[in-house]
Amino acid sequence: MSGRYGVIGNPIAHSRSPEIHRAFAHQFGRTIDFVRLLATAEDFDKVLSDFVKAGGKGLSVTMPFKQRAFQMSSSVSQRASQAAAVNTLIIDSEGMISGDNTDGPGLVTDILSNLGWQINGRNVLLIGAGGAARGILHAICQEAPESLVIANRTESKARSLAAQYKGDTKISTSTILQLLKPFDLIVNATGASLQGSALDIPDIVISSHTHCYDLAYAPNETSFNRWARTRGAIRTSDGLGMLVEQAAVAFNLWQGETPETRPVIDEIRQLMANG
Ligand code: NDP
């Protein structure tokens, strides 16, 4: 597999992207040169242009550079444009950079295909209004939920996210504390699980048929999923499947091949368990 690939972010040492992409390449009898690139707000542009000059062909972009990558892209896909954020850069033979956002399809494929849950016709709660929420909002709405509530600690950010959406789904906003009814599907797109802090969510949002998806992933159950399970949620999942699925879409953009994701999800889960 010629050319160099990588993931750029800060922090970056914890990223599982190299293992994921190496496993994908292996499925096609290839090896991949895939590096972790640590950048700061000050040197992001230079790290990116050095990578392009060195023959870089593709980069995954993670926190906190998805908006910066959007600005640096000469052209962007429709889904990146809707999200105003880019998590995948594709670099052509002339060094031109185009941007895409694979977080939305990654989440929806994990929910529908891997987990076998439903979005269509369901009442959905999206908690959070940061970069990840922006990346997944349109993909969730494309599955035609019955309704969607965006709840965020800072409600003004939920309102501005909802205002950016131009589609048919009925969207309302709330603070987390003011949620008043149960939901069929709850997607946690806040950073609270990673900080180990509890979200102040009223228990009423959970009923005996509620499915809860935490975008965060960890070797052990995330704090949000533990909270949901102990309140009676019927199913919970962390975001490892989404991570692998969004990487599979990126791999396809770079290589034109569709890798199998199930064995890679299992492999990375095992790596995480081993520390
Ligand atoms: P951002 O920093 O852009 O947004 C953070 C969001 O979390 C904001 O809505 C913020 O609310 C909210 N928040 C943070 N801490 C708390 C808290 N203690 N209580 C309530 N709300 C809180 O982060 P991202 O959107 O980029 O990432 C969010 C999560 O999604 C992370 O855990 C990240 O790892 C995960 N993620 C997973 C992916 C995957 O492939 N599985 C892909 C992308 C992200 P406020 O606006 O009030 O500050």
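Reference entry: report on the structure contained in this document.

1. A short note on the packing of helix α1 (residues 17-27) against helix α10 (residues 240-255)
Turning to step 1, where the next piece is worked out: Where α1 meets α10, the closest approach of the two axes is 10 Å, and the angle between their N-to-C directions is 55°. As far as their axial angle goes, α10 and α1 are oblique. The handedness of the crossing between α1 and α10 is right-handed. Here I20, H21, F24 and A25 of α1 come into contact with α10, specifically with L243, V244, A247, A248, A250, F251 and W254.
Turning to step 2, where the next piece is worked out: Considering only residue class, the contact of α1 with α10 consists of 10 nonpolar, one polar and no charged.

2. A closer look at the layout of surface pockets
Turning to step 1, where the next piece is worked out: Estimates place the volume of the second largest pocket at around 180 Å³.
Turning to step 2, where the next piece is worked out: For the lining of the second largest pocket, the secondary-structure elements that each account for two or more residues are α4 (78-83), α5 (103-114) and α6 (131-142).
Turning to step 3, where the next piece is worked out: The class makeup of the residues in the lining of the second largest pocket is four nonpolar, six polar and three charged.

3. A word on the packing of aromatic side chains
Turning to step 1, where the next piece is worked out: If you walk through the whole model with that rule in mind, you get seven aromatic pairs.
Turning to step 2, where the next piece is worked out: An angle of 45° between the planes, with centres 5.1 Å apart, marks the rings of Y5 and W254 as tilted. Of this pair, Y5 sits in strand β1 (residues 4-9) while W254 sits in helix α10, and the two are 249 residues apart along the sequence. Per residue, the accessibility class of Y5 equals that of W254, and both read buried.
Turning to step 3, where the next piece is worked out: Through successive ring pairs, a cluster of aromatic residues spans Y5, F34 and W254.

Parameters and conventions
- Residues numbered from 1 in each chain as written.
- Predicted model: local features only at pLDDT ≥ 70, side-chain atom pairs only at ≥ 80, totals over all residues.
- Heavy atoms only, no water.
- Axes fitted to C-alpha atoms, helices over the stretch in contact; angles between N-to-C directions.
- Helix = DSSP H or I, 4+ residues; strand = E, 2+ residues; numbered from the N terminus.
- Parallel < 35°, antiparallel > 145°, perpendicular 65-115°, else oblique.
- Left-handed = near helix turned anticlockwise from the far one by under 90°.
- Contact = heavy atoms within 4.5 Å.
- Nonpolar A, V, L, I, M, F, W, Y, C, P; charged D, E, K, R; others polar.
- 1 Å grid on protein atoms, 1.4 Å probe; cavity = no way out; pocket = protein on both sides within 12 Å on 5 of 7 lines; lining within 4 Å.
- Points joined across faces, edges and corners; volume = space filled by probe spheres on them.
- Phe/Tyr/Trp six-rings, centres within 6.5 Å; stacked < 30°, edge-to-face > 60°.
- Buried < 20%, exposed > 50% of the residue type's maximum accessible area, 1.4 Å probe, protein only.

By themselves, these observations are geometric and do not establish any function.
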